[in-house]
Amino acid sequence: MSNQKRNKILLITLVASLGGFLFGFDMAVISGVLPLVQKQFALSASQEGWFVSSALVGCIIGVAISGELSDRFGRKKPLILTAVLFVASAMGCALFPNLSGVIAFRVLGGIGIGIASNVVPLYISEIAPAQIRGRLVTYYQFALTLGILVAYLSNAALLKDASAPKVDPSVLGHIFNQEVWRGMLGIGVVPAILFLSGLLLIPESPRWLMQKGKTNEAKLIIAKITGQKLTEISADQSISENSNPKSSYKELFAPSMRKALLIGILLPLFSQFSGINAIIYYGPRILGNAGVSLSNSLISQVIFGMANMAFTLFAIWKVDSWGRRPLYLFGTAGAAISLILTGICFYFNATSGIGLLICVLAFLACFACSIGPLKFVVASEIFPGAIRGRALAISIMVMWVADTIVGQLTPILLNEIGSAGTFWFFAFFCIIAFIAVYKLLPETKGKSLEQIENDWKAGDDKEVFFH
């Protein structure tokens, strides 16, 4: 493939990955908004909880409908809907006068996040050539971490600007000065409009078009993307996805696909039970004890956000050369060891030196280069084409449910078994993840989605695992 065509695929991927950027931005921006909203409206504990979790409710709704939307209407139309929801949410949160309205627009934004968390990796996996598919899907995770970091930085910049004394009676003055939290939420309209504009220029997924019998249209898109002549596009590209256009969820429970379904459920589950939330929870204290001067927790969020983003670059670099299995096995083993050592530091009260910081950064490195991004890479490529959207929605729904459970469980664990026990608890799940991945996860690098699907259906475990 020529550099020109490779750049075209990369541009399409970057546009789609803006959905991941908005996902990360929208979920992280609330950290700077919450204290200001709580102070202005004197929120009770339950109101504060609802303000934060309202977006999560939207996420669950979005994931629940995303599979049906993407399999019935294609990948591009749900992405456009997602962009419209992001624009509406950002503008509504900035302009709506009362808190109930702001929460309603947060729910709308959450629905957008839920749809994007499924359809973006799905679309990228279907548009990408097999030899670089893992790298391109990992760009989604990178964009997500970049969105988180930009949210922290924009919060800090807007808060600093608002602290300077000024009188501005305009609407913008109200949003960015008197009630700066509205500006923090509203600034998301800029990447949302860019996302919407970019989506109007990218093509529909050719694999979805093939599955719907629109072979000629799909071939035209493939020809534009890859530079192939129409006569060079092989028949199996058109037939394999269209061989069973009326497939249903029953196909997931067929004996040949049960392992794929189990993998699609376990990887997002292990991702949330890896301990990433506990690390973020202890982030400010860990850096402070390690001797880093922190004026507030925002600085620590920026530092951990930069580390998370930087380590994700390693996954982009190696996922298509090392493969999924080695990277995931390396990541889970390293995460387990790092968490065990972190627990030992807390157990022996060795929290004032550089050792604890090294353990935490080692965990972040292992998570960001394997456990975090690979759940999207693998889940987006192991399911049958005819129901890939709905199947991936199940996988992403597990991620959100597990995220909710861990969020509720972590403070209980910290109170009942202490910091050391909590980190060992998550280390145990990383060990279980290592065993499960070693036993179940196929190596899919370099294979087309059609090859992977046929390998599952043929029951050829050696071909699936050791390609």
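Just above, that's the structure.
Source: prediction; values computed, not measured. (Residues numbered from 1 in each chain as written. Predicted model: local features only at pLDDT ≥ 70, side-chain atom pairs only at ≥ 80, totals over all residues. Heavy atoms only, no water.)

Trainee: Would you take a moment to explain the pattern of salt bridges for this structure?
Mentor: Note that side chains of opposite charge can pair when their charged atoms are close. Under the definition given, this model contains 8 salt bridges. Where Glu126 meets Arg75, a salt bridge forms, and the shortest distance between an N and an O atom there is 2.8 Å. Remark: Arg75 occurs in the loop between α3 (45-73) and α4 (76-95) and Glu126 occurs in helix α5 (residues 99-127); sequence separation between them is 51 residues. In this structure, Glu126 and Arg75 share a single accessibility class: buried. Measuring nitrogen to oxygen at the nearest pair gives 2.9 Å for the salt bridge that ties Arg324 to Asp320. (Salt bridge = Lys/Arg side-chain N within 4 Å of Asp/Glu carboxyl O. Helix = DSSP H or I, 4+ residues; strand = E, 2+ residues; numbered from the N terminus. Buried < 20%, exposed > 50% of the residue type's maximum accessible area, 1.4 Å probe, protein only.)

Trainee: Where do I start with the environment of Ile222 in this structure?
Mentor: Considering the arrangement of structural elements, one finds Ile222 in helix α11 (residues 215-226). Along the primary structure Ile222 and Pro206 are separated by 16 residues, whereas in three dimensions their C-alpha atoms are 6.7 Å apart.

Trainee: How should the packing of α4 against α5 be read in this particular structure?
Mentor: The relative placement of two packed helices comes down to the angle between their axes together with the axis-to-axis distance. In contact at an axis separation of 8 Å, α4 and α5 are set at 155° when each is read in the N-to-C sense. Viewed along their axes, α4 and α5 adopt a mutual orientation that is roughly antiparallel. The two elements α4 and α5 cross, and the hand of that crossing is left-handed. Its residues assigned to classes, the contact of α4 with α5 shows 17 nonpolar, 5 polar and 1 charged. (Axes fitted to C-alpha atoms, helices over the stretch in contact; angles between N-to-C directions. Parallel < 35°, antiparallel > 145°, perpendicular 65-115°, else oblique. Left-handed = near helix turned anticlockwise from the far one by under 90°. Nonpolar A, V, L, I, M, F, W, Y, C, P; charged D, E, K, R; others polar.)

Trainee: Got a minute to help me understand empty space enclosed by the protein in this structure?
Mentor: A water-sized probe rolled over the atoms picks out the places where empty space is left. A complete count under the given rule lists 3 cavities of 30 Å³ or more for this structure. When its volume is computed, the largest cavity comes out at roughly 60 Å³. Looking at the largest cavity, the residues that line it are Leu22, Phe25, Asp26, Phe86, Ser89, Ala90, Leu185 and Gly188. Broken down by secondary-structure element, the contributors of at least two residues to the lining of the largest cavity are α1 (3-28) and α4. Among the residues making up the lining of the largest cavity, the classes are represented as 5 nonpolar, 2 polar and 1 charged. (1 Å grid on protein atoms, 1.4 Å probe; cavity = no way out; pocket = protein on both sides within 12 Å on 5 of 7 lines; lining within 4 Å. Points joined across faces, edges and corners; volume = space filled by probe spheres on them.)

Trainee: Where do I start with the packing of aromatic side chains in this structure?
Mentor: In this description, an aromatic ring pair is defined by two values, namely the gap between the centres and the angle between the planes. According to the stated counting rule, one finds 16 aromatic pairs in the structure shown. Linked through ring pairs, Phe273, Phe425, Phe426, Phe428 and Phe429 together constitute an aromatic cluster. Lys318 extends its terminal NZ or CZ atom over the ring of Trp317, reaching a point 4.1 Å from the ring centre. A cation over a ring is seen here: Arg325 above Tyr438, with NZ or CZ 5.7 Å from the ring centre. (Phe/Tyr/Trp six-rings, centres within 6.5 Å; stacked < 30°, edge-to-face > 60°. Lys NZ or Arg CZ within 6 Å of the ring centre and 35° of its normal.)

Trainee: When you look at helix α13 (residues 258-272) in this model, what are you seeing that I'm missing?
Mentor: Because the α-helix completes a turn every 3.6 residues, residues three or four places apart line up on one side. The first and last C-alpha atoms of α13 sit 22 Å apart over 15 residues, in line with the 21 Å expected at 1.5 Å per residue. Regarding α13, the residues found buried are Ala260, Leu261, Ile263, Gly264, Leu266, Leu267, Pro268, Phe270, Ser271 and Gln272. (Expected span 1.5 Å × (residues − 1).)

Trainee: Explain unusual backbone geometry here, please?
Mentor: Excluding glycine, a negative phi dihedral is what most residues carry, and trans is how most peptide bonds are arranged. Phi at Asn349 is positive, roughly 60°, even though this residue is not glycine. Checked against the element boundaries, Asn349 lands in the loop between α16 (324-347) and α17 (354-379). For Asn349, a relative accessible area of 61% gives the class exposed.

Trainee: Sorry, what's going on with the side chain of Ser205 here?
Mentor: Along the chain, Ser205 falls in the loop between α9 (189-199) and α10 (206-211). Judged by its relative accessible area of 0%, Ser205 falls in the buried class.

Trainee: I tried to follow the packing of helix α18 (residues 388-416) against helix α19 (residues 418-440) on my own but got confused; where do I start?
Mentor: Close contact between α18 and α19 brings their axes to 6 Å; oriented N to C, the two are set at 135°. One way to sum up the angle between α18 and α19 is to call them oblique. The handedness of the crossing between α18 and α19 comes out as right-handed. Each of Val406, Leu409, Thr410, Leu413, Leu414 and Glu416 in α18 lies in contact with α19, whose residues at this interface are Gly418, Ser419, Thr422, Phe425 and Phe426. (Contact = heavy atoms within 4.5 Å.)

Limitation: the analysis is restricted to geometry and does not speak to function.
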